[in-house]
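# Topology and contacts: notes
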Amino acid sequence: MALVVTAVVLPLVVVLLVLTRVLGGDDVGDRADDAVADVEGAPAPGRADLPPLPVEVPPVTPEADANCPALMGVLPLELAGEQSRPVRSDSPYAYAWGEPPVVLVCGVERPAALEPTSPLIQVNGVEWLVDTTDPDGIVWTAVDRPVYVQVTVSADTDSAPVTALGPVITGTLPAQPVDAGG
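Quick summary incoming for the structure in this document. (Residues numbered from 1 in each chain as written. Predicted model: local features only at pLDDT ≥ 70, side-chain atom pairs only at ≥ 80, totals over all residues. Heavy atoms only, no water.)

### A few points about the pairing of strand β5 (residues 94–97)
- Both faces of β5 are covered, namely the face carrying A94 and A96 and the face carrying Y95 and W97.
- Here 2 bridges tie strand β3 (residues 82–85) to β5, and the two strands are oriented antiparallel to one another. Each residue of the ladder has a partner; that of R85, found in β5, is A96.
- Bridging between β5 and strand β6 (residues 102–108) involves 4 bridges; their strand directions are antiparallel. Bridged to W97 within β6 is V102. (Buried < 20%, exposed > 50% of the residue type's maximum accessible area, 1.4 Å probe, protein only. Helix = DSSP H or I, 4+ residues; strand = E, 2+ residues; numbered from the N terminus. Pairing = 2+ DSSP bridges.)

Here's what the structure looks like:
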């Protein structure tokens, strides 16, 4: 008889312990860390209410397919105070924020202007080649990663977007020596 009672009572005790833990009981003690966060009223991050931005991209390369998904998967919904916005491109490796847009394209071609004497600017651990030849925009290209990452901003935008993107790039794309040609 004792064997039968133990076989029935023991599973009941386990079930009661589980239910008490899940549903709560009188012994709340150190359960503050189990509380569910109250997020009611907190705005949900999302994309800006802007039309899709057409973004021209180079053909996707095997290097881009191998490296860009890691970066694209962690890009912030907000960058330098601007919400992300939809893009229309032939590549999944294009992303944009705000208006005027800040546009990131991962896996671009090696910049023609990158030479052994090209001045590079290091911002948050990333070596950037900065092209200011277009009066309407500035093109920042990360040149020390396994793929080139291009960030295009309007001519009157400072370095805030690339400053904010530096830790994201360093966290997902390993640094490598700059291939300056020559």
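### Section: the state of the cysteines
- In the structure shown here, the tally under the stated rule is 1 disulfide.
- Two residues, C68 and C106, share a disulfide whose sulfurs are 2.1 Å apart. When the S-S torsion is -85°, as for the bridge of C68 with C106, the disulfide is left-handed. Placement of C68 in helix α2 (residues 62–72) and of C106 in strand β6 is noted, with a sequence separation of 38 residues between them. (Disulfide = S-S within 2.5 Å.)

### Some words on the pattern of salt bridges
- Tallying each qualifying case throughout the model produces 2 salt bridges.
- Among the salt bridges present, the one from R85 reaches E99, with a minimum N-O distance of 2.5 Å. In this pair, R85 sits in strand β3 while E99 sits in the loop between β5 and β6, placing the two residues 14 residues apart along the sequence.
- Among the residues examined, R85 registers a relative accessible area of 3% and is labelled buried.
- The partly exposed category is assigned to E99, whose relative accessible area is 47%.
- Residue R145 is joined to D144 by a salt bridge in which the shortest nitrogen-to-oxygen separation is 3.1 Å.
- When its relative accessible area of 5% is taken as the criterion, D144 is described as buried. (Salt bridge = Lys/Arg side-chain N within 4 Å of Asp/Glu carboxyl O.)

### Digging into the nonpolar core
- Formed by 27 residues in total, the largest nonpolar core has its most connected members in L71, L75, L104, C106, W128 and V151.
- For this core, the secondary structure elements donating two or more residues are α2, β5, β6, β8 (126–131), β9 (137–142), β10 (148–154) and α3 (160–172).
- In this structure W128 touches P119, L120, I121, V123, W140, T141, A142, V149, V151, V162 and I169, once residues within four positions along its chain are discounted.
- Counting 12 residues, the second-largest nonpolar core is a separate cluster that includes L53, V55, V108 and L129. (Core = buried A, V, L, I, M, F, W, Y, C linked by side-chain atoms within 4.5 Å. Contact = heavy atoms within 4.5 Å.)

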